[in-house]
Amino acid sequence: MFVLLLILIVALFGFGFLNPIWWVAGAVLVYGVTRHGRDRGGGRSRNGSSDLGDYRDYQELRDRRERWDRRYSRQNRARWRREDRRDHEHRR
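Scope of this entry: the structure provided in the associated data block. A quick note: this is a predicted structure, and the numbers were derived from the prediction, not measured.

Position of Leu-12 among the secondary structure elements: in helix α1 (residues 2-15). Overall, Leu-12 belongs to the buried group, its relative accessible area being 10%. Separated by 10 residues in sequence, Leu-12 and Trp-22 place their C-alpha atoms 5.4 Å apart. Aside from chain neighbours lying at most four places away, what touches Leu-12 is Trp-22, Trp-23, Ala-25, Gly-26 and Leu-29.

The way to describe two aromatic rings as a pair is by their centre distance and the angle between their planes. One pass over the structure, following the stated rule, counts 5 aromatic pairs. Summarising the aromatic geometry, the rings of Phe-17 and Trp-23 are spaced 5.4 Å apart at their centres and angled 80 degrees between planes, so their arrangement reads as edge-to-face. Residue class for Phe-17 comes out exposed when judged on its relative accessible area of 61%. A relative accessible area of 36% means that Trp-23 is categorised as partly exposed. Ring geometry for Tyr-55 versus Tyr-58: centroids 5.9 Å apart, planes at 40 degrees, classification tilted. With Tyr-55 and Tyr-58 both in helix α3 (residues 51-91) and 3 residues apart, this pair spans about one turn of that helix. A connected cluster of aromatic rings, assembled from ring pairs, spans Phe-13, Phe-17 and Trp-23.

Reading guide: rules and limits
- Residues numbered from 1 in each chain as written.
- Predicted model: local features only at pLDDT ≥ 70, side-chain atom pairs only at ≥ 80, totals over all residues.
- Heavy atoms only, no water.
- Helix = DSSP H or I, 4+ residues; strand = E, 2+ residues; numbered from the N terminus.
- Buried < 20%, exposed > 50% of the residue type's maximum accessible area, 1.4 Å probe, protein only.
- Contact = heavy atoms within 4.5 Å.
- Phe/Tyr/Trp six-rings, centres within 6.5 Å; stacked < 30°, edge-to-face > 60°.

Next comes the structure, spelled out in structure tokens:
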């Protein structure tokens with residue numbers, strides 16, 4: 001895939017000597033490829049790990065914890081309400 005993109009970019013650069021619009025097309029292609037690579041977590045740090053991938057892992061873990069907290073806090077609230085109702089019934 002990378003080789004085909006490279007060949008296409010070189011061809012567009014060569015056609016640019018005939019008509020400058022091809023240089024624009026090549027620049028747009030290079031820009032699109034580099035943006036697509038960044039969006040997929042292509043930014044590598046010095047130690048070889050992906051900073052964006054690490055952040056996505058962090059987001060996933062955080063979201064999972066929030067779902068867990070919401071789920072069990074709802075269950076606890078319902079249990080506490082039931083217990084409060086029982087306490088109020090016993091007081092009467």
